[in-house]
Structure formats: structure tokens, C-alpha cells
Amino acid sequence: MRVSAKVDYAVRAGAELAAAAGAGPVKGDRIAQAQGIPLKFLENILLDLKHAGLVQSQRGADGGYWLAKTPAEISVADVIRAVEGPIANVRGDRPEQVEYAGAAEALREVWIAVRGNLRAVLETVTLADLAAGRLPDEVSRIAADPDAWLPH
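In every chain, residue numbers begin from 1 and rise along the written sequence. Predicted model: local features are reported for residues with pLDDT of at least 70 only, side-chain atom pairs are reported and counted for 80 or more only, and whole-chain, interface and lining totals are derived from all residues. In computing side-chain values, all of the structure's heavy atoms are included and hydrogens and water are not.

Focus: the nonpolar core
So, step 1. Side-chain atoms within 4.5 Å are what join buried Ala, Val, Leu, Ile, Met, Phe, Trp, Tyr and Cys residues into a set we call a nonpolar core. Relative accessible area decides the class of each residue, using a 1.4 Å probe on protein chains only: under 20% of the type maximum gives buried, over 50% gives exposed, and in between gives partly exposed. Within the largest apolar cluster, 34 residues are counted, with the highest numbers of intra-cluster contacts made by Leu17, Leu49 and Val79.
So, step 2. Comment: elements are numbered from the N terminus, with helices defined as DSSP H or I runs of at least four residues and strands as E runs of at least two. Of all the elements in the fold, those that place two or more residues in this core are helix H1 (5-19), helix H2 (28-35), helix H3 (39-51), strand E2 (64-67), helix H4 (76-84) and helix H5 (107-122).
So, step 3. When residues of this core are assigned to their parent elements, the largest contribution, seven residues, is made by H1.
So, step 4. Between two residues, a contact is recorded if the distance between any of their heavy atoms is within 4.5 Å. Contacts of leucine 17, omitting those with residues within four sequence positions, involve Val26, Ile31, Leu46, Val55, Tyr65, Trp66 and Leu67.

A look at the packing of aromatic side chains
So, step 1. Aromatic rings from Phe, Tyr and Trp, taking only the six-membered ring of Trp, are treated as a pair when their centres fall within 6.5 Å; an angle between ring planes under 30 degrees marks them as stacked, one over 60 as edge-to-face, and anything in between as tilted. Taken as a whole and judged by the stated rule, the model has one aromatic pair.
So, step 2. Pairing tyrosine 9 with phenylalanine 41 gives two aromatic rings, centres 5.3 Å apart and planes at 80°, and the pair type is edge-to-face. On the criterion of sequence distance, the pair formed by tyrosine 9 in helix H1 and phenylalanine 41 in helix H3 is long-range, its members being 32 residues apart.
So, step 3. When its relative accessible area of 16% is taken as the criterion, tyrosine 9 is described as buried.
So, step 4. On the basis of relative accessibility, which here comes to 32%, the residue phenylalanine 41 falls in the partly exposed class.

Looking at the pattern of salt bridges
So, step 1. We define a salt bridge as a side-chain nitrogen of Lys or Arg found within 4 Å of a carboxyl oxygen belonging to Asp or Glu. Overall, the coordinates contain nine salt bridges when judged by the stated rule.
So, step 2. The partner of lysine 6 in a salt bridge is aspartate 48, and the shortest N-O contact between them spans 2.9 Å. One end of the pair, lysine 6, is in helix H1; the other, aspartate 48, is in helix H3, and 42 residues separate them in sequence.
So, step 3. Judged by relative accessible area, aspartate 48 falls into the partly exposed class, the value being 23%.

Here we look at the environment of glycine 63
So, step 1. For glycine 63, the position within the fold is in the loop between strand E1 (55-58) and E2.
So, step 2. Judged by its relative accessible area of 5%, glycine 63 falls in the buried class.
So, step 3. Between the alpha carbons of glycine 63 and alanine 52 there is a distance of 20 Å; along the sequence they are eleven residues apart.
So, step 4. The residues contacting glycine 63, other than those within four sequence positions of it, are Pro25, Lys27 and Gln58.

Structural notes on the pairing of E2
So, step 1. Relative to E2, E1 runs antiparallel, the two being bridged by four bridges. Each residue of the ladder has a partner; that of glutamine 56, found in E2, is tryptophan 66.
So, step 2. Pairing between strands is defined by DSSP: at least two bridges between them are needed. The turn linking E1 back onto E2 is made up of five residues, and glycine 60 within it adopts a positive phi angle of 105°.

Let's talk about unusual backbone geometry
So, step 1. For arginine 91, which is not glycine, the phi dihedral falls at a positive 55°.
So, step 2. Relative to the helices and strands, arginine 91 resides in the loop between H4 and H5.
So, step 3. Accessibility expressed as a relative area gives 67% for arginine 91, which makes it exposed.

Dropping the structure here:
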């Protein structure tokens, strides 16, 4: 899986908003500075998150951004889908829509299994988890496996 800069920035912005939940609107430049995200890029990302119903905003001196739901209700998968669409696709199609013949016939099931495993992690981790610095046990177990850290 390739994580784009847009996804990385969107999840980091979501974590910042989760950390500030309940404290009122957060200015875009504060989020950008805290996470080292270019402000113009961040503004476009926040607009995508707003259109997806994950973020709300208010203009003006007292304005800014805040989460539209509690941080525990927003998964990393929700953020990814808001800025890039489906979690996993094959040449732009959903894995269940692709068909292969001959020796590659079972490949569709491989792509479906990959999507399922991505969901198992990305739908489990919430913005609240990130802001608190603690992950669900199963995700922590996966990340603790030394093989998970190898670049192959």
C-alpha cells in the first residue's frame, strides 16, 4: 500500500483536531505548523474532510476547524476515504469487480484479502487513539512483530 502525502497529512490533521476536541475551533495555520503541513495543501484537505462530514468550520476571528463527530467515531479509514476514495482498488475498480482468467483467476481473492486486512487495521484505529498515543491491542501486536518493520 502506498500512503500518499495527502492521506498522511489528512490523518495527521485529524489527530491534531482530535487532540483539541472540545477546546473550540482550531486555526488552519496552527494545525499546519504543529504537523509541518503546507497551509494551502492543508486547506484543500480540510475542505475534503468537511465535504465528507468529518470536519466543520467557521470563518472569522474566532473561527477555525473542529471535528464534526467525536474523535472515537472517526477511523483512519474514514479519513482516507474522505480524501482519496476507497481503501483498496485495482486500476480504479473495486477488487470484487475485477476478473481474471487462467493462472491469474485467484488474484481477485488476493486483492479482496488485502482490502480486508487493510480495513482490519484502518477501521479499528480512530483519531482518538492517535491523539491519545495508544493503539488497539491487535494493531499494537501487528506493529510489534519484528517482521513488520522489515522493508521487504
